[in-house]
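Working through the structure, step by step
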Amino acid sequence: MPPDAPIVVLGATGSIGTQTLDVARRLGLQVVGIAARRASTELATIAAEWPDAVVVAVDPGDDGSALTDRVGVRARFGEEALLELASTARAMVVNGIVGAAGLRASVAALNAGNHLALANKESLVAGGPVVMQALARGGGSLIPVDSEHSALAECLVGEDLGTVRRLVLTASGGPFRGMVRQQLADVSVGDALAHPTWAMGRRVTIDSATLMNKAFEVIEAHYLFGLPYDKIDVTVHPQSIVHSLVEFVDGSIKAQIGEPDMRHPIQYAITGGTRPAVPPSGFDLTQSDLTFEPPDRVTFPCLDLGYAAGRRGGIAPAALNAADEVAVAAFLAERIPFLSIADVVSATLEQTADVTPGSVDDVLAADAEARRIAERHVASVQHDA
Ligand code: MG
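My aim in this report is to walk through the structure given alongside it, one point at a time. Keep in mind it's a predicted model, so treat the numbers as computed, not measured.

In this section: the overall build of the protein. Each helix and strand in the protein was counted, giving 15 helices and 11 strands. Radius of gyration (C-alpha) of the protein: 20 Å, near the 21 Å computed for a compact globule of 385 residues. Each principal axis of the C-alpha distribution contributes one length, and for the protein these read about 55 × 50 × 40 Å. Sorting the 385 residues of the protein into buried and exposed places 54% on the buried side. A separation threshold of at least 6 residues defines the contact pool for the protein, and within that pool the share at least 24 residues apart is 68%. On the protein, roughly 16000 Å² of surface is accessible, and the fraction owed to carbon and sulfur atoms is 52%. Distance between charge centres in the protein, computed from 29 positive and 46 negative side chains, equals 2 Å.

Looking now at the packing of aromatic side chains. If you walk through the whole model with that rule in mind, you get three aromatic pairs. Seen in terms of ring centroids, Tyr 229 and Tyr 307 are 6.5 Å apart; in terms of plane orientation they differ by 70°. Their pairing is edge-to-face. Taken together, the residues Tyr 229 in the loop between α10 (212–225) and β9 (232–236) and Tyr 307 in helix α12 (residues 302–312) connect sequence positions 78 residues apart. For Tyr 229, a relative accessible area of 6% translates into the label buried. Tyr 307 gets classed as buried once you look at its relative accessible area, which sits at 5%. Seen from their ring centres, Phe 331 and Phe 338 are 5.6 Å apart, and the 75° between their planes marks the pair as edge-to-face. A single burial state applies to Phe 331 and to Phe 338, both of which are buried. An aromatic cluster is built from Phe 176, Phe 331 and Phe 338, whose rings are joined through pairwise contacts.

Okay, the coordination of the magnesium ion next. Coordination of the magnesium ion by the protein involves Asp 146 (OD), Glu 148 (OE) and Glu 217 (OE), with metal-donor separations of 2.1 to 2.5 Å. All donors to the magnesium ion come from one chain, and their sequence spacing reads D-x1-E-x68-E. Taken together, the residues Glu 148 in helix α7 (residues 147–156) and Glu 217 in helix α10 connect sequence positions 69 residues apart. We note that Glu 148, like Glu 217, is buried.

Looking now at the packing of helix α6 (residues 121–138) against helix α13 (residues 316–332). Between α6 and α13, the shortest axis-to-axis distance is 6 Å and the interhelical angle comes to 130°. On the basis of their axis angle, the class for α6 and α13 is oblique. Residues Glu 122, Val 125 and Ala 126 of α6 lie in contact with α13, whose contacting residues are Pro 317, Ala 318, Asn 321 and Glu 325. Among the residues making up the contact of α6 with α13, the classes are represented as four nonpolar, one polar and two charged.

Excluding glycine, residues mostly carry a negative phi; peptide bonds, for their part, are mostly trans. Phi is positive for Arg 275, which is not a glycine, with a value near 55°. Of note, Arg 275 is situated in the loop between α11 (263–270) and α12. For Arg 275, a relative accessible area of 53% puts it in the exposed group. Here the phi dihedral of Glu 334 falls at roughly 60°; this positive angle occurs in a residue that is not glycine. Turning to its location among the elements, Glu 334 is positioned in the loop between α13 and α14 (340–350).

This next bit is on the side chain of Glu 154. Within the secondary structure layout, Glu 154 lies in helix α7. For Glu 154, the residues in contact, after removing those within four places along its chain, are Gln 256, His 264, Tyr 268 and Arg 275.

Among the nonpolar cores identified, the biggest contains 90 residues, and Leu 10, Leu 167, Leu 320, Ile 336 and Phe 338 are the most heavily contacted of them. Ranked by the residues each element gives to this core, the list is headed by α13, at 12 residues. Excluding its chain neighbours within four sequence positions, the residues that come into contact with Leu 167 are Leu 152, Leu 156, Ala 221, Phe 225, Leu 227, Lys 231, Ile 232, Asp 233, Leu 245 and Val 246. Counting residues in hydrophobic clusters, the runner-up holds 33 residues, among them Val 23, Leu 29, Ala 39 and Ile 270.

About the cut-offs
- Residues numbered from 1 in each chain as written.
- Predicted model: local features only at pLDDT ≥ 70, side-chain atom pairs only at ≥ 80, totals over all residues.
- Heavy atoms only, no water.
- Helix = DSSP H or I, 4+ residues; strand = E, 2+ residues; numbered from the N terminus.
- Rg over C-alpha atoms; globule rule 2.2 N^0.38 Å.
- Buried < 20%, exposed > 50% of the residue type's maximum accessible area, 1.4 Å probe, protein only.
- Contact = heavy atoms within 4.5 Å.
- Areas by Shrake-Rupley, 256 points an atom, 1.4 Å probe, with all protein chains shown as cover.
- Lys, Arg positive; Asp, Glu negative; His and termini not counted.
- Charge placed at Lys NZ, Arg CZ, Asp CG, Glu CD.
- Phe/Tyr/Trp six-rings, centres within 6.5 Å; stacked < 30°, edge-to-face > 60°.
- Donors = N, O, S within 2.8 Å, 3.2 Å for Na, K, Ca; no water.
- Axes fitted to C-alpha atoms, helices over the stretch in contact; angles between N-to-C directions.
- Parallel < 35°, antiparallel > 145°, perpendicular 65-115°, else oblique.
- Nonpolar A, V, L, I, M, F, W, Y, C, P; charged D, E, K, R; others polar.
- Core = buried A, V, L, I, M, F, W, Y, C linked by side-chain atoms within 4.5 Å.

Laid out in structure tokens, this is it:
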């Protein structure tokens, strides 16, 4: 990619968005587009700092004029405006949108031949087949922003994929690492939200506690690197310092190591791996043990639900994601216990047909259907309780 590609930040008020703007500020990069779901004062404040940026709020809210008053003619509203922004010519589009709404934006960016720095999970987990089609059609590039996939990409620079024995994604193990199933029967929302190493949003934090987040990352790795599921492994590494590893057929293993700070993978993605210097962080490898253990697949069945959905392909991963979102929301609302998250997802997958999605609409239809099925299972868990 050209290192001077103008940057478009989708999901600008979220965790990835604000950290992307930190990186852009630190490196003096040009930001030409900023988008968020709602026309908040937070968005207006960000917009004021980036005077060259078109500013999109998908939902103008009660009063879009709060944004228009601050940024004038640069303000745009609605999903069409979001997709237009994602299609900005020759842009580096950072997609930090949370949820299924990010899929259309990813496809628009790739259809336009842009560089897509992808942090939106649903794009590849739910829409893998259609995202890969758009990438092939537009001739742009797809760059991972997630710490694990960014690490794998770093390890694979200069390597032939044919020499890879396996990719190994590291997982922190979440707050319930080392516990057995019975101990998780009564865990509270607060317990599950207490992630040991990464500060993240509520859904991804619960997904880390169930290992579903790792299951999603396995599916993403399959699409990003084009390797079969039997060459993608997971190891639990509680310190979150080794961000992932690649084992080659000659027995060599490469790892990417660093402080758990999302600004590294973001910077690596948006600068095309050119490694601009940043001030030393004080990170000291001698201050941490590095330990690895196999994931407990009995206590955390979501991991294997993810492998199974990935191997089925088609709309199964979309159903996996949608059912999980419903189940996690139900857990956060204290409607179902923690262990029922996996049950709701599993039951939904059993009722999901095997269909290959040909378009974003097909993916979203599968998503909606899986949500309906999952809601029924949530209601029946509640009824039985
Ligand atoms: Mg991750």
